[in-house]
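Each chain is listed here by its residues.
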Amino acid sequence: MRANLPVTLLAILFATGCGSGSMSQPADVVRASIAESLPASNEQSEPSEWPALFGANRLSFVDTKINAIWPTTGPKLVWESPVGTGYGSPVTAQGRVVFSHRLDQQEIIECRDVSCGDLLWQVRYPTTAVCDFEYSDGPYSTPVIDAASGRVFHVGGHGQFKCVDFETGRVLWSRALHDEYGMEPDIFPVGASPLLDKNDGSKHGQLIFGLGSIDAGVISLDAATGETRWEATEDGPSYGTPFVSTIESNRYAFVLTAEGLVSLEPDSGRVDWHFPFRRRGDLARNATSPLVLGDRVFLIASGRGAACLKVMPDRSYEKVWHERRSLDSQYNTLMLVDESIYSFTSSGQGGADFCCLDTQTGKIAWRYRSVLKRGMGLASRNAFVLLGERGHLASLAISDSEPQVLSFTTEPLMSDPCYCSPAIAGSLLILKDEERIAVFDLGQ
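Residues numbered from 1 in each chain as written. Predicted model: local features only at pLDDT ≥ 70, side-chain atom pairs only at ≥ 80, totals over all residues. Heavy atoms only, no water.

1. Side note on the sheet that holds strand 30 (residues 423–425)
Okay, step 1: If you trace the four strands from one edge of the open sheet to the other, you get 1-32-31-30, paired in antiparallel fashion. At either end of the open sheet lies a strand with only one pairing partner, and these are strand 1 (76–82) and strand 30. Mean inter-strand twist for the sheet, computed between neighbouring axes without regard to direction, equals 20°.
Okay, step 2: Sheet topology places strand 31 (residues 428–432) next to strand 32 (residues 436–441); five bridges connect them, and they run antiparallel. Bridge pairing links leucine 429 to phenylalanine 440 in strand 32. (Pairing = 2+ DSSP bridges. Helix = DSSP H or I, 4+ residues; strand = E, 2+ residues; numbered from the N terminus. Axes fitted to C-alpha atoms, helices over the stretch in contact; angles between N-to-C directions.)

Structure representation (structure tokens):
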């Protein structure tokens, strides 16, 4: 059901903020002032793609400028299509959008033309995944597109790991990981997404995945064949995705598991260290993926706050800071822009705010409270695009000093609840909820 709030209330919320750092000028004056400094709607350095959860660089950042000024009704709708349940996010490459959803007892991997919505292919397979609480039965994982090899990788709600031909939808290989490892169903369907690591020296690379089995907490599969390369840890599952980075000529894979952050050597799976970082409780799950900036690793979790670790030349670490009452994102997108991390706090702090976190200190630089609540988003060179939990769409200027609202829809564009991250393809913005996928033109 769509959430409807009075237009006057929404106008107040997006004009004034409602937290520290909120704007004092009228919204129309601020918008007009900022708009003068923004690029023309067609100014882009190159066509943007979003081939994996949180984009190509896993920073939820696209290195281009976008048009972030739209009417209160939102950007122009290009096309839409009904979908089933699931919180997996859409991904894009080469003029196509790929996403997953569920209808009855089948999960579906679907590929459409991103410009017009034409269906190109579908892969359907049975599922028994269930959620024991108020959330849907999935799927929760997000596909990965490797356009260079012409492959799509996806994990279903019961651990069905599939490699699909990007052009035709033909299944190239498949693994039933939960069955193979004898894993009992969790209280939620599989929520982790794989990482494609193509810097391992092989032609097609490897897929690093937080399986959560006692025999294979983290697992690597050969992207070409699906065969297991290595297994590591006994940690349970989380709902994030790994981050692979090169620091001082050494390669690292960082995985936030059910127990905390694990650092591994990605070519062998050898464990460097564990950093305990989890909230205790029957329903508590780590669900926010780690970020890397230089030689620092950032991890954030609901109930634990934010922490920064410095990776040392001998592959050990030192804790730089841990702020328990700082950013405590529950599952939300973390956007890394320059030296700041931007995301939403959980609802456990008396409501959810969009915040700017200073990565040097771990302190919150500013907060912005609105009807977006626990939203998802992406960042560009000049603006954030934020999809609120209730379906409102907003844009804010990139700023580490104060929140600057550019656009805010007076009515929801999508259906409550919205837990899928947005994706981008050139000037097209792709949004998904549990009723439809919708594509909007930011260039209009």
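2. What about the confidence of the model for the protein?
Okay, step 1: Averaged over all residues, the pLDDT of the protein equals 87, while 86% of them reach at least 70.
Okay, step 2: Predicted confidence is poor over residues 1–45, with pLDDT under 50, and the contacts of this stretch with residues over four places away or in other chains come to 81 contacts. (pLDDT = per-residue confidence, 0-100. Contact = heavy atoms within 4.5 Å.)

3. Observations regarding empty space enclosed by the protein
Okay, step 1: One pass over the structure, following the stated rule, counts two cavities of 30 Å³ or more.
Okay, step 2: Each pocket or cavity is described by its volume, and for the largest cavity that value is around 70 Å³.
Okay, step 3: Phe54, Arg58, Ser289, Pro290 and Leu291 are the residues nearest the centre of the largest cavity, which is lined by 13 residues in total.
Okay, step 4: Across the lining of the largest cavity, the residue classes break down as six nonpolar, six polar and one charged.
Okay, step 5: Considered as a void within the structure, the second largest cavity measures approximately 40 Å³ in volume.
Okay, step 6: Lining the second largest cavity, in full, are Ala192, Gly210, Ser238, Gly240, Thr241, Pro242, Val255 and Leu256.
Okay, step 7: When the residues that make up the lining of the second largest cavity are grouped by side-chain class, the tally is four nonpolar, four polar and no charged. (1 Å grid on protein atoms, 1.4 Å probe; cavity = no way out; pocket = protein on both sides within 12 Å on 5 of 7 lines; lining within 4 Å. Points joined across faces, edges and corners; volume = space filled by probe spheres on them. Nonpolar A, V, L, I, M, F, W, Y, C, P; charged D, E, K, R; others polar.)

4. Digging into the side chain of serine 343
Okay, step 1: The residue serine 343 is located in strand 23 (residues 340–344) in this model.
Okay, step 2: Among the polar contacts listed, one links the side chain of serine 343 to the side chain of serine 329, at a separation of 3.1 Å.
Okay, step 3: There is a polar contact of 2.5 Å between the side chain of serine 343 and the backbone oxygen of threonine 333.
Okay, step 4: Beyond its immediate chain neighbours, meaning those up to four positions away, serine 343 contacts Leu327, Ser329, Asn332, Thr333, Leu334, Asp353, Phe354 and Cys355. (Polar contact = N/O pair within 3.5 Å; in protein donor to acceptor, adjacent residues only side chain to side chain.)

5. Observations concerning the sheet that holds strand 19 (residues 296–301)
Okay, step 1: The strand order across the open sheet formed by four strands is 18-19-20-21, and the pairing between neighbours is antiparallel. With partners counted over all chains shown, the strands left at the sheet margins are strand 18 (291–293) and strand 21 (317–323), one partner each. On average, each strand axis in the sheet is tilted by 25° relative to the strand beside it, whichever way the strands run.
Okay, step 2: When strand 18 meets strand 19, the two strands line up antiparallel, connected through three bridges. Looking at the pairing, leucine 293 lines up with arginine 296 of strand 19.

6. Brief notes about the pairing of strand 12 (residues 218–222)
Every regular strand shows the same layout, with side chains that alternate between the two sheet faces.
Okay, step 1: With five of five residues buried, strand 12 lies mostly within the body of the structure.
Okay, step 2: Examined bridge by bridge, strand 11 (residues 206–209) and strand 12 share four bridges and lie antiparallel to one another. Looking at the pairing, phenylalanine 209 lines up with isoleucine 219 of strand 12.
Okay, step 3: The pairing of strand 12 with strand 13 (residues 228–232) spans four bridges and is antiparallel. Opposite leucine 221, over in strand 13, you have threonine 228 as the bridge partner.
Okay, step 4: Count of turn residues in the strand 12/strand 13 antiparallel hairpin: five residues, of which glycine 226 carries a positive phi of about 85°. (Buried < 20%, exposed > 50% of the residue type's maximum accessible area, 1.4 Å probe, protein only.)

7. Observations regarding the nonpolar core
Okay, step 1: Ranked by size, the top nonpolar core spans 48 residues in total, and within it Phe254, Leu261, Ile341, Phe354 and Phe384 carry the most contacts.
Okay, step 2: Sequence-distant contacts of leucine 261, that is, excluding residues within four places in its chain, are made with Phe254, Val255, Leu256, Trp273, His274, Phe275, Pro290, Val297, Leu299 and Leu309.
Okay, step 3: Listed in part, the 28 residues of the second largest apolar core include Val62, Val83, Val114 and Met414. (Core = buried A, V, L, I, M, F, W, Y, C linked by side-chain atoms within 4.5 Å.)

8. Some details on the packing of aromatic side chains
To describe a pair of aromatic rings, you give the distance between the ring centres and the angle between the ring planes.
Okay, step 1: The full count for this structure, using the stated rule, is 18 aromatic pairs.
Okay, step 2: Ring geometry for tyrosine 331 against tyrosine 419: centres 5.3 Å apart, planes inclined by 75°, an arrangement best described as edge-to-face. Of this pair, tyrosine 331 sits in the loop between strand 21 and strand 22 (335–337) while tyrosine 419 sits in the loop between strand 29 (405–408) and strand 30, and the two are 88 residues apart along the sequence. There is no split in this pair, since tyrosine 331 and tyrosine 419 are both buried.
Okay, step 3: Taken together, the ring pairs in this structure connect Tyr252, Phe254, Trp273, Phe275, Phe277 and Tyr317 into an aromatic cluster.
Okay, step 4: Here arginine 96 stacks its cationic end above the ring of phenylalanine 166, 5.3 Å away from the centre of that ring. (Phe/Tyr/Trp six-rings, centres within 6.5 Å; stacked < 30°, edge-to-face > 60°. Lys NZ or Arg CZ within 6 Å of the ring centre and 35° of its normal.)

9. Some remarks on the environment of phenylalanine 54
Okay, step 1: With respect to the helices, strands and loops of the structure, phenylalanine 54 is situated in the loop between helix 2 (27–37) and strand 1.
Okay, step 2: Here the alpha-carbon distance between phenylalanine 54 and threonine 142, two residues 88 residues apart in the chain, equals 9.8 Å.
Okay, step 3: Beyond its immediate stretch of four places on either side in the chain, phenylalanine 54 contacts Leu59, Ser60, Phe61, Thr241, Ser289, Thr333 and Ser421.

10. Some remarks on the pattern of salt bridges
Okay, step 1: On inspection of all chains with the given rule, the structure shows 18 salt bridges.
Okay, step 2: A salt bridge links arginine 96 to glutamate 167; the shortest N-O distance between them is 3.3 Å. One end of the pair, arginine 96, is in strand 3 (residues 96–103); the other, glutamate 167, is in the loop between strand 8 (160–165) and strand 9 (171–176), and 71 residues separate them in sequence.
Okay, step 3: Sharing partners across several salt bridges, the network here consists of Asp197, Arg251 and Asp267. (Salt bridge = Lys/Arg side-chain N within 4 Å of Asp/Glu carboxyl O.)

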